[in-house]
Amino acid sequence: MQQFEMRGADTLTQMPKLGRGVGRAHGKAILFGEHAVVYGAPAIAFPVNVLPVTVNATLTPAASTIESELYTGPLERAPRRLAPVVAAIRTALNMFAPKSGAKIAIYSDIPYERGLGSSAAVASAIVEAVAHAAGQDPNATELFDLTQVGERVAHGNPSGMDAHAVQSTQIFRYRKPNVEPIRVGGAFYFVIADTGVPGATREAVAGVAQRKAADPRVDAAIGELARVAEESVADFEDGDLAAIGAKMNRAHGLLRAIGVSSPELDHLVDTARRAGAMGAKLTGGGIGGCILALAPTLPEAERIAGVLRGAGAKGAWATWLEPID
Ligand code: MEV
């Protein structure tokens with residue numbers, strides 16, 4: 001695990017005994033370049049503000065505790081599934097309040113393990129909440145670096161895109177380690193739909209690495225995913241919905257070719273297209289998790305979300321990108 005300089009002892013002596021802080025983050029969706037980004041290719045992601053996370057942290061002299069939908073109890077006894085959360089709490093305390101424990105309450109609307117950035121958003125909100133409880137304000141680099149500690153526990157070899165996306169206020173192009181906001185020339189309306197099957201990012205990333213080493217066609221498909229991501233930037237600038245929709249369809253075919261789709265994902269992608277989506281693809285690590293579909297208007301996005309729920313999606317949300325200069 002990465003080591004951080006201990007900070008905050010001076011602040012601790014001045015602050016009230018029971019410091020309280022709030023941290024916030026939100027879900028993310030990857031439009032283009034998932035998996036390829038792990039190999040240094042560009043990827044495009046955007047914030048999903050309709051799926052927020054809030055964390056309340058209260059510093060305490062006693063041992064740390066967690067309160068969440070998945071588990072409530074002492075940090076020490078948290079189940080393995082919460083290892084990234086535990087890592088984020090320990091790292092944040094080490095950095096900002098090394099002599100304290102913390103009561104951490106997590107409120108998340110992001111479905112877990114569905115490729116929507118739940119692990120990064122929860123880690124990021126924890127870091128911010130603990131820092132605020134210690135009377136400090138983490139800068140963007142600290143927030144990113146500390147979120148990545150939890151992400152490494154969750155995913156093994158994270159590109160860093162999720163850790164940026166869960167705090168970002170706008171769509172961006174990410175090419176390790178650079179983040180560039182993208183200009184958006186018109187409104188884009190999306191539907192996110194959940195297969196209900198947990199995604200397996202760590203296994204998906206490891207499987208792609210194996211197939212890439214063994215099969216040159218997988219390497220070529222990753223190169224093509226990178227090209228699609230790069231060329232989409234101009235389509236966003238032009239507000240060209242049809243071009244983005246066509247690229248989403250192309251990306252889904254390539255993600256299938258590298259072995260990260262599933263029958264449930266393909267079913268929701270086909271359903272969205274038949275219901276009138278201008279394009280649809282899996283989003284995130286794949287295997288399970290969610291799809292992303294493009295709709296021409298917000299009412300159409302809401303209607304397609306309803307069709308997807310009727311076809312078995314466990315959840316479906318409409319979200320959008322405003323034009324940005
Ligand atoms: C996971 O949300 C996206 C992947 O590209 C992995 C990563 O970027 O770390 C599959």
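Residues numbered from 1 in each chain as written. Predicted model: local features only at pLDDT ≥ 70, side-chain atom pairs only at ≥ 80, totals over all residues. Heavy atoms only, no water.

Q: What is the right way to look at the site of the ligand in this model?
A: The environment of the ligand is formed by K28, I30, E34, H35, V37, V38, P158, S159, M161, D162, T201 and G285. Here an oxygen atom of the ligand and a side-chain polar atom of S159 are 2.6 Å apart. Within the side chain of D162, one N or O atom sits 3.2 Å away from an oxygen atom of the ligand. Look at the ligand: alone it shows 300 Å² of surface, and the protein chains cover 97% of it. Elements represented by at least two residues in the shell around the ligand include exactly β1 (20–32) and α5 (161–165). The residue makeup of the shell around the ligand, split by class, is five nonpolar, four polar and three charged. (Near = heavy atom within 4 Å. Polar contact = N/O pair within 3.5 Å; in protein donor to acceptor, adjacent residues only side chain to side chain. Areas by Shrake-Rupley, 256 points an atom, 1.4 Å probe, with all protein chains shown as cover. Helix = DSSP H or I, 4+ residues; strand = E, 2+ residues; numbered from the N terminus. Nonpolar A, V, L, I, M, F, W, Y, C, P; charged D, E, K, R; others polar.)

Q: Teacher, can you tell me more about the pattern of salt bridges here?
A: When the charged atoms of two side chains lie near each other, side chains of opposite charge can form a pair. Enumeration over the complete set of coordinates arrives at 14 salt bridges. Among the salt bridges present, the one from E230 reaches R173, with a minimum N-O distance of 2.7 Å. Of this pair, E230 sits in helix α7 (residues 216–238) while R173 sits in strand β6 (residues 172–175), and the two are 57 residues apart along the sequence. On the accessibility criterion, E230 (34% relative accessible area) is partly exposed. On the basis of relative accessibility, which here comes to 12%, the residue R173 falls in the buried class. Two residues, R303 and E300, come together in a salt bridge whose shortest N-O distance is 2.8 Å. On the criterion of helical spacing, the pair formed by R303 and E300 is a turn pair, its members being three residues apart in helix α10 (residues 298–310). In this structure R303 comes out as partly exposed when scored by relative accessible area, which is 37%. Note on E300: relative accessible area 24%, which makes it partly exposed. (Salt bridge = Lys/Arg side-chain N within 4 Å of Asp/Glu carboxyl O. Buried < 20%, exposed > 50% of the residue type's maximum accessible area, 1.4 Å probe, protein only.)

Q: Help me out: how do you make sense of the pairing of β1 in this one?
A: The side chains of a regular strand alternate, residue by residue, between the two faces of the sheet. Here β1 lies mainly inside the structure; 10 of its 13 residues are buried. Bridge count between β1 and strand β2 (residues 43–60): 12 bridges; the pairing is antiparallel. For A29, the partnering residue across the bridge sits in β2 and is F46. (Pairing = 2+ DSSP bridges.)

Q: Quick question: what am I supposed to make of the packing of α7 against helix α8 (residues 241–257) here?
A: Geometrically, a packed helix pair is captured by the angle between its two axes and the distance between the axes. One can describe the packing of α7 onto α8 by two numbers: an axis separation of 10 Å at closest approach and a directional angle of 165 degrees. The angle between the axes of α7 and α8 places the two elements in the roughly antiparallel class. Viewed along their axes, α7 and α8 form a crossing whose handedness is left-handed. Contacts from V218, A221, E224, L225, V228, E231, S232, D235 and F236 of α7 reach α8 at A243, I244, K247, R250, A251, L254, L255 and A257. (Axes fitted to C-alpha atoms, helices over the stretch in contact; angles between N-to-C directions. Parallel < 35°, antiparallel > 145°, perpendicular 65-115°, else oblique. Left-handed = near helix turned anticlockwise from the far one by under 90°. Contact = heavy atoms within 4.5 Å.)

Q: How do you make sense of the packing of helix α6 (residues 201–214) against α7 when you look at a structure like this?
A: Where α6 meets α7, the axes come as close as 5 Å, and the angle between the chain directions of the two elements is 115 degrees. The segment α6 lies against α7, with V208, R211, K212 and A214 engaging P216, V218, D219 and I222.

Q: Before we go on, may I ask you to explain the environment of R175 in this structure?
A: Here R175 is to be found in strand β6. Its relative accessible area of 36% is what places R175 among the partly exposed residues. There is a polar contact of 2.9 Å between the side chain of R175 and the backbone oxygen of G40.

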